[in-house]
Amino acid sequence: MKRDIAIDYLRSSVTMLVVVHHSALAYNTFSRYNPEYYMTSTAPVVDTVRWMPLDLIVGWNDMFFMPLMFFISGLFVSPSIERKGVGVFLVDRARRLGIPFIIAVMLLSPLAYYPSWLLSDAVSQGDFLPGFFTGIWSAGPAWFIWVLLAFCGVIAAVHRFIPNFIKMFTWSVASSRNLVFVFLVVSLLATIPLRLIVSPGAWFQLAGPLAFQTWRILLYFSWFLLGVALGGANMERSLSRVHLRPWPLWLFLGGFAYGVHGLLEVHGGYSANMPAWVTAVTLTTVYSCSCTFTGLAALGLARSFFRKARPLADHLTENAYGIYIFHYAFVIWIQFCLLTQSLPASLKFVITFSVALVVSWLVTAMLRKTVARRFL
C-alpha cells in the first residue's frame, strides 16, 4: 500500500493528543481523587493545583480523538487483508496488538497505578498487586488495543464469509459525495440508542482487564467501519483535499458544538423540568456533531498541511505506537513526583507532557532496535 503522509502524520499527531490528554488530567478543575477506592478516581494522580484552560483541552479531546483513532486504524484493514489473506492478517494483528496488550496489562498498568495506590487509604493494608489484579483491573489506555483487535477479528470474519458485503459497504460509503452527512448520521445512530439506557460514565468489564466505555462502543465500531470502507476504496480520492476542503468551517462547527455541549451540561442540560430522555438525546446529538465536525476537520487539516515528509516527523510516526503503549506509566509517575513541588499547574502540565513524550519516544526507539520491532 502506497504511503499516505497525511494519514501517517495525523496518526502520530493524535497519539500526541493522547499524551496531552493524560498529562492534563491531574491538573484540570474537574478531576477528583478518591483515597478510599483509588481505582474509581477520575485520574490516578490528581494535584492540588489546577489550571482551567486544561478543562477545555481535555473536554474537546474527549469529543473526537478516540473515534478518530479507530477510524485511522480501520483505513489499513482492507488493504492488509487483500494483500496478506485473512489468516496471515489475523496472526499479524494478534502479534502486533495482542503481545503489547498483555505486556501493558501485566506490567505497565500496575506500574502506572502504583503511585495512585501509594496515595490511597489501601496502602496501610499492603499487598498492592493482589488487590490490583483481583479488583478493578484497569488496562489504562491499552483498552484501545484489545478493542481494536476485536474489531479487526470481526472484519476478518466478514471478509472470509461474506466478502461481497464488505465490497458493497465500501462502495456505498466511498461513493458518497457528502462525508459530513454520512459520518454524522452514523454517529447519531451509534450513540443515541445506547445513551438512552446507559450512563455516559459507565464502563463494561467483560473479564479481568477487558473493559470498554459502554455507551461509546458502537460509535468506535462505526468509525472503525467507516475507516475500513474508505481504506478499501481509493483513499487518496475518497479522502482527497477536494472532499475535505471545508475543514476550517468544520473545525469552527466542532468547536461551537463542544461549547454548546458544555453550556448544556453546566447551565441546564439536566434541568428538572426536562425529561431525562430529552436531555440525553440533546446532549448526545450535540456530542455527535462535535465529534463528526472536529474529526473530519482533523482529516482536512492533515491533507492540507502534511504533504511533505520530514525526518523528525517520520521518526515520531515510526515510534507512535510505542509512545501510546509506554507513555501512561511515565505520565503518572511524573505527576506523582511533582505533587510536592511548588509550581503552577500550567508548568507541571508542560513538564509532564514533555518528559513523558520524550522518554516514551526514546524507550520505543531503543526497543525497536531489538526483536521488539516485530510488534512495535
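Going by the structure above, here's the rest.
Let me sum up the structure you'll find in this document. (Residues numbered from 1 in each chain as written. Predicted model: local features only at pLDDT ≥ 70, side-chain atom pairs only at ≥ 80, totals over all residues. Heavy atoms only, no water.)

So, the overall build of the protein
When you go through the protein residue by residue, the secondary structure sums to 14 helices and two strands. A compact globule built from 376 residues should have a C-alpha radius of gyration of about 21 Å, and the protein, at 21 Å, falls within 12% of that. Burial status across the protein gives 51% buried among its 376 residues. Sequence separation of at least 24 residues holds for 81% of the intrachain contacts in the protein that already meet a minimum separation of 6. Approximately 17600 Å² of the protein is accessible, and the part contributed by carbon and sulfur atoms is 69%. Both charge centroids of the protein, one from 27 positive and one from 14 negative side chains, sit 13 Å from each other. (Helix = DSSP H or I, 4+ residues; strand = E, 2+ residues; numbered from the N terminus. Rg over C-alpha atoms; globule rule 2.2 N^0.38 Å. Buried < 20%, exposed > 50% of the residue type's maximum accessible area, 1.4 Å probe, protein only. Contact = heavy atoms within 4.5 Å. Areas by Shrake-Rupley, 256 points an atom, 1.4 Å probe, with all protein chains shown as cover. Lys, Arg positive; Asp, Glu negative; His and termini not counted. Charge placed at Lys NZ, Arg CZ, Asp CG, Glu CD.)

Here we look at the nonpolar core
Ranked by internal contacts, the top residues of the largest apolar core, which has 110 residues, are Phe-70 and Phe-71. Non-local contacts of Phe-70, meaning those with residues more than four positions away in its chain, are made with Trp-143, Phe-144, Val-147, Leu-148, Phe-151, Tyr-220 and Phe-224. (Core = buried A, V, L, I, M, F, W, Y, C linked by side-chain atoms within 4.5 Å.)

Considerations on helix 6 (residues 143–161)
With 19 residues, helix 6 extends 28 Å from end C-alpha to end C-alpha; this agrees with the ideal 27 Å at 1.5 Å per step. Every buried residue of helix 6 is listed here: Trp-143, Phe-144, Ile-145, Trp-146, Val-147, Leu-148, Phe-151, Cys-152, Ile-155, Ala-156 and His-159. (Expected span 1.5 Å × (residues − 1).)

Here we look at the packing of aromatic side chains
Any pair of aromatic rings gets described here by the distance separating the centres and the angle formed by the planes. Following the criterion strictly, the structure yields 29 aromatic pairs and no others. When the ring of Tyr-114 is compared with that of Phe-128, the centres are 5.1 Å apart and the planes differ by 70°; the resulting orientation is edge-to-face. Taken together, the residues Tyr-114 in helix 4 (residues 86–118) and Phe-128 in helix 5 (residues 128–134) connect sequence positions 14 residues apart. An angle of 50° between the planes, with centres 5.3 Å apart, marks the rings of Trp-117 and Phe-128 as tilted. Here the residue Trp-117 occupies a position in helix 4, and Phe-128 occupies one in helix 5, the gap between them amounting to 11 residues. Judged on exposure class, the residue Trp-117 and its partner Phe-128 are both buried. (Phe/Tyr/Trp six-rings, centres within 6.5 Å; stacked < 30°, edge-to-face > 60°.)

Details of the pattern of salt bridges
Counting across every chain of the model gives eight salt bridges. Asp-47 is paired through a salt bridge with Lys-348; the nearest N and O atoms lie 2.8 Å apart. Here Asp-47, found in the loop between helix 1 (5–24) and helix 2 (53–75), pairs with Lys-348, found in helix 14 (residues 345–367); they are 301 residues apart in sequence, far enough to count as distant. Using a relative accessible area of 2% as the deciding quantity, one classes Asp-47 as buried. For Asp-62, the salt bridge identified is with Arg-216, shortest N-O distance 2.8 Å. With Asp-62 in helix 2 and Arg-216 in the loop between strand 2 (210–213) and helix 9 (217–232), the pair connects residues that are 154 residues apart, well separated along the chain. One connected set of salt bridges, linked through shared partners, spans Arg-3, Asp-8, Arg-11 and Asp-314. (Salt bridge = Lys/Arg side-chain N within 4 Å of Asp/Glu carboxyl O.)

As for the packing of helix 13 (residues 311–338) against helix 14
Remark: helix 13 packs on helix 14, axes separated minimally by 5 Å, with the N-to-C direction vectors making an angle of 130°. It follows from the interaxial angle that helix 13 and helix 14 lie oblique. Between helix 13 and helix 14 the crossing geometry is right-handed. Of the residues assigned to the contact of helix 13 with helix 14, the class counts are 17 nonpolar, eight polar and one charged. (Axes fitted to C-alpha atoms, helices over the stretch in contact; angles between N-to-C directions. Parallel < 35°, antiparallel > 145°, perpendicular 65-115°, else oblique. Left-handed = near helix turned anticlockwise from the far one by under 90°. Nonpolar A, V, L, I, M, F, W, Y, C, P; charged D, E, K, R; others polar.)

Section: the environment of Leu-108
By secondary structure assignment, the location of Leu-108 is in helix 4. Judged by its relative accessible area of 12%, Leu-108 falls in the buried class. Once the C-alpha coordinates of Leu-108 and Ala-329 are considered, the two residues, 221 residues apart in sequence, prove to be 6.4 Å apart. Beyond its immediate stretch of four places on either side in the chain, Leu-108 contacts Ile-103, Ile-325, Phe-326 and Ala-329.

Section: the side chain of Thr-284
For Thr-284, the location among the structural elements is in helix 12 (residues 276–305). Judged by its relative accessible area of 2%, Thr-284 is buried. Non-local contacts of Thr-284, meaning those with residues more than four positions away in its chain, are made with Thr-191, Ile-192, Arg-195 and Trp-215.

Quick look at a nonpolar patch on the surface
A cluster of nonpolar side chains, contributed by Ile-99, Ile-102, Ile-103, Met-106 and Leu-107, occupies part of the molecular surface with about 440 Å² of accessible area. When you line up the elements, Ile-99 lands in helix 4. Overall, the relative accessible area of 32% leaves Ile-99 in the partly exposed class. (Patch = residues over 30% accessible without salt bridge, like charges linked within 9 Å, V, L, I, M, F, W, Y side chains within 5 Å.)

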